[in-house]
Amino acid sequence: MRKKVKHKLFVCLFLLLFFCGGCWDSADIEDMSFVIGFGLDSSENEKSPIKHTTQLAVTKKKGEQGAAPQGKMYQDITLEGKSIQDILRSLSLQLPYPVYTDHLESIVINQETARAYDLSILLDQMLRDNTTRLSPLVVLSKEQASDILNTNIEGEIPSSYISSIFENETSTLKILPGVRLGQVASNLSSQKSFVLPNVKKLKNTVKVDGAGVIKGKDGKLKGFLTIKETEGINWLSGKGKAGLLEFKDDKGNTIVYEVQNYRTKVKPKLQNEHLSFQVQVKAQGWINEDWSRSSHNMSEQYVKKLQYYAEKEMKKLMASSLEKLQKDYETDVVDFSDSFRIAYPREYKKMKKNWDDFFSKADVSFRADVQIINTGDVVK
């Protein structure tokens with residue numbers, strides 16, 4: 001009996017020490033500096049070529065040391081240096097508490113910096129740091145990254161706000177799925193070309209505005225895609241979630257087709273060393289808005305007519321985006337390489353190193369199948 005009691009006392013004592021012991025080195029949340037966002041710009045100082053902005057969440061009350069000015073929810077600190085690590089260590093010279101990067105949400109890179117430096121170099125410190133997660137979103141901007149992070153959005157921290165925008169990818173095809181740091185690292189290590197969303201600053205908010213094309217071979221920014229071209233990229237890659245397809249009928253009336261789901265299939269063909277692809281897209285959805293006087297007559301013939309114009313617009317979007325990728329940027333950011341690798345594994349091994357060159361010279365045809373499964377409640 002005594003042995004059982006002693007055993008229970010020992011277990012209780014052990015658990016008490018275990019749970020209490022874990023708190024001996026705990027720190028008050030107000031005594032920590034949580035990094036929410038990073039901004040990367042180029043400096044005019046040759047000795048300190050990188051201008052790095054660190055966005056910190058405010059944990060101090062107004063009037064306390066470390067509190068953000070003007071009652072903001074965040075504090076931005078911009079420093080210049082010869083390396084990211086050098087700059088982050090310099091933060092300790094002006095912050096009273098250690099910096100924690102495990103809450104990092106967004107990384108904004110200025111276009112000039114992305115054109116001048118291989119992204120694998122710019123992001124190297126973040127990828128090596130064992131406290132920085134691989135989940136932060138990476139975006140580009142034609143404006144200074146420091147300006148983007150200093151956007152005065154009422155009640156919001158800009159880095160968190162940028163991250164939350166990509167939750168709307170189920171509502172529109174004009175926005176790319178968010179690209180996280182881990183995905184960027186994977187593409188860079190395999191020298192695979194890819195796209196990053198572009199953001200711009202408005203008066204009191206931040207908007208996603210097209211995308212930037214990153215060349216796999218050198219990891220640098222090649223150029224930008226418009227919102228319309230980004231929409232075409234989503235149709236080509238099949239990576240979009242859902243959204244709207246706006247088109248016009250033969251009389252110029254605007255029709256809005258709401259896409260509920262769609263699937264893109266790419267069929268490669270290699271014949272006599274000539275590479276070609278056929279892109280097949282199947283979509284289901286319904287008419288969300290119709291500005292024509294014929295909209296009250298939802299006959300089978302009228303529905304087929306709308307499907308024809310929707311398919312025509314879809315193919316136009318894909319062709320325009322693909323022409324930009326093949327002629328201007330010579331980069332495969334729509335993963336045609338994956339379909340070719342599956343169909344022709346041996347040939348792909350030989351062509352992989354110069355895949356973007358083969359892609360840019362390939363012939364591409366399009367097939368679209370739009371199904372209108374619902375015409376809504378017509379009240380006209």
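In this text, all values refer to a predicted model and were calculated from it rather than measured experimentally. (Residues numbered from 1 in each chain as written. Predicted model: local features only at pLDDT ≥ 70, side-chain atom pairs only at ≥ 80, totals over all residues. Heavy atoms only, no water.)

### Thoughts on the overall build of the chain
Logical step 1: The helix and strand tally for the chain stands at 13 helices and 13 strands.
Logical step 2: Taken across its 380 residues, the chain has 46% of its residues classed as buried.
Logical step 3: Relative to all contacts within the chain whose residues are 6 or more apart in sequence, the contacts with residues 24 or more apart total 69%.
Logical step 4: For the chain, the accessible surface area stands at approximately 21,100 Å², while carbon and sulfur atoms represent 49% of it. (Helix = DSSP H or I, 4+ residues; strand = E, 2+ residues; numbered from the N terminus. Buried < 20%, exposed > 50% of the residue type's maximum accessible area, 1.4 Å probe, protein only. Contact = heavy atoms within 4.5 Å. Areas by Shrake-Rupley, 256 points an atom, 1.4 Å probe, with all protein chains shown as cover.)

### Description of a negative patch on the surface
Logical step 1: A contiguous patch of negative charge on the surface is contributed by E323, D328, E330 and D357.
Logical step 2: Note on D357: relative accessible area 32%, which makes it partly exposed. (Patch = residues over 30% accessible without salt bridge, like charges linked within 9 Å, V, L, I, M, F, W, Y side chains within 5 Å. Salt bridge = Lys/Arg side-chain N within 4 Å of Asp/Glu carboxyl O. Lys, Arg positive; Asp, Glu negative; His and termini not counted. Charge placed at Lys NZ, Arg CZ, Asp CG, Glu CD.)

### Notes on the sheet that holds strand β13 (residues 363-374)
Logical step 1: Ordered by their spatial adjacency, four strands build an open sheet running β10-β11-β12-β13, and the pairing between neighbours is mixed. Unpaired on one side and paired on the other, β10 (243-248) and β13 mark the two borders of the sheet. Direction aside, the axes of adjacent strands within the sheet are offset by 40° on average.
Logical step 2: Here six bridges tie β10 to strand β11 (residues 254-271), and the two strands are oriented antiparallel to one another. In the sheet register, L244 faces β11, and the bridge partner there is E258. (Pairing = 2+ DSSP bridges. Axes fitted to C-alpha atoms, helices over the stretch in contact; angles between N-to-C directions.)

### Some points on the nonpolar core
Note on soluble globular proteins: their nonpolar side chains tend to be buried together.
Logical step 1: W235, Y257, M314 and F336 are the most contacted members of the largest nonpolar core, which has 45 residues in total.
Logical step 2: Counting residues per element, this core draws most heavily on helix α10 (residues 300-329), at 11 residues.
Logical step 3: Among all residues touching M314, those that are not within four sequence positions of it are W235, L245, V281, A283, A368 and V370. (Core = buried A, V, L, I, M, F, W, Y, C linked by side-chain atoms within 4.5 Å.)

### Re helix α7 (residues 158-165)
Logical step 1: Counting buried positions along α7 gives six out of eight residues, so the element sits mostly inside the fold.
Logical step 2: Restricting attention to buried positions, one finds in α7 the residues P158, S159, S160, I162, S163 and I165.

### Considerations on the pairing of strand β7 (residues 194-201)
Logical step 1: Burial analysis of β7 places six of its eight residues in the buried class, the great majority of the element.
Logical step 2: The sheet contact formed by β7 and strand β8 (residues 206-214) spans seven bridges and is antiparallel. Counterpart to K201 in the pairing with β8 is V206.
Logical step 3: Here β7 folds back onto β8 in antiparallel fashion, the turn holding four residues.

### Quick look at the environment of I50
Logical step 1: With respect to the helices and strands, the residue I50 is situated in strand β2 (residues 50-57).
Logical step 2: When near neighbours in sequence (up to four residues on either side) are disregarded, I50 contacts D41, S43, L79, E80, G81, I84, I87, Y117 and L122.

### With respect to helix α9 (residues 227-237)
Logical step 1: Of all 11 residues making up α9, nine are buried, and the element is well covered by its neighbours.
Logical step 2: G238 occupies a position one or two residues after α9 and carries a positive phi of about 75°.

### Quick look at the confidence of the model for the chain
Logical step 1: In this model, the chain carries a mean pLDDT of 88, and residues with pLDDT of at least 70 account for 86%.
Logical step 2: Every residue in residues 8-27 scores below 50 in pLDDT, and together they form two contacts with partners more than four places removed in sequence or on other chains.
Logical step 3: Under a pLDDT of 50 for its full length, residues 62-67 has, in the predicted model, eight contacts with residues more than four places off or in other chains. (pLDDT = per-residue confidence, 0-100.)

### Overview of the environment of N168
Logical step 1: Note on placement: N168 falls in the loop between α7 and α8 (181-189).
Logical step 2: According to the relative accessible area criterion, N168 is partly exposed, its value standing at 42%.
Logical step 3: In this structure the C-alpha to C-alpha distance between N168 and G243, which are 75 residues apart in sequence, comes to 9.5 Å.

### Let's talk about the pattern of salt bridges
Logical step 1: Scanning the entire structure with this criterion turns up nine salt bridges.
Logical step 2: Among the salt bridges present, the one from K304 reaches E300, with a minimum N-O distance of 3.5 Å. With a gap of four residues between them, K304 and E300 both fall in helix α10, about one helical turn apart.
Logical step 3: A salt bridge links R341 to D338; its shortest N-O distance comes to 3.7 Å.

### Focus on the packing of α9 against α10
Logical step 1: Across the interface, α9 lies against α10 with an axial gap of 8 Å and an inter-helix angle of 100°. In terms of orientation, α9 and α10 fall into the roughly perpendicular class. Seen from α9, the contacting residues are K228, E229, E231, G232, I233, W235 and L236; seen from α10, they are E313, M314, L317, M318, S320, S321, L322, K324 and L325.
Logical step 2: A class-by-class count of the residues in the contact of α9 with α10 yields eight nonpolar, three polar and five charged. (Parallel < 35°, antiparallel > 145°, perpendicular 65-115°, else oblique. Nonpolar A, V, L, I, M, F, W, Y, C, P; charged D, E, K, R; others polar.)

### Some details on the pairing of strand β9 (residues 221-225)
Logical step 1: Most of β9 is tucked away, with four of its five residues classed as buried.
Logical step 2: Inspection of the sheet shows β8 paired to β9 by four bridges, in the antiparallel sense. Within β9, the position partnered with A211 by the bridge is L225.
Logical step 3: Connecting β8 to the next strand, β9, in antiparallel fashion are six residues, including G219 with a positive phi near 70°.

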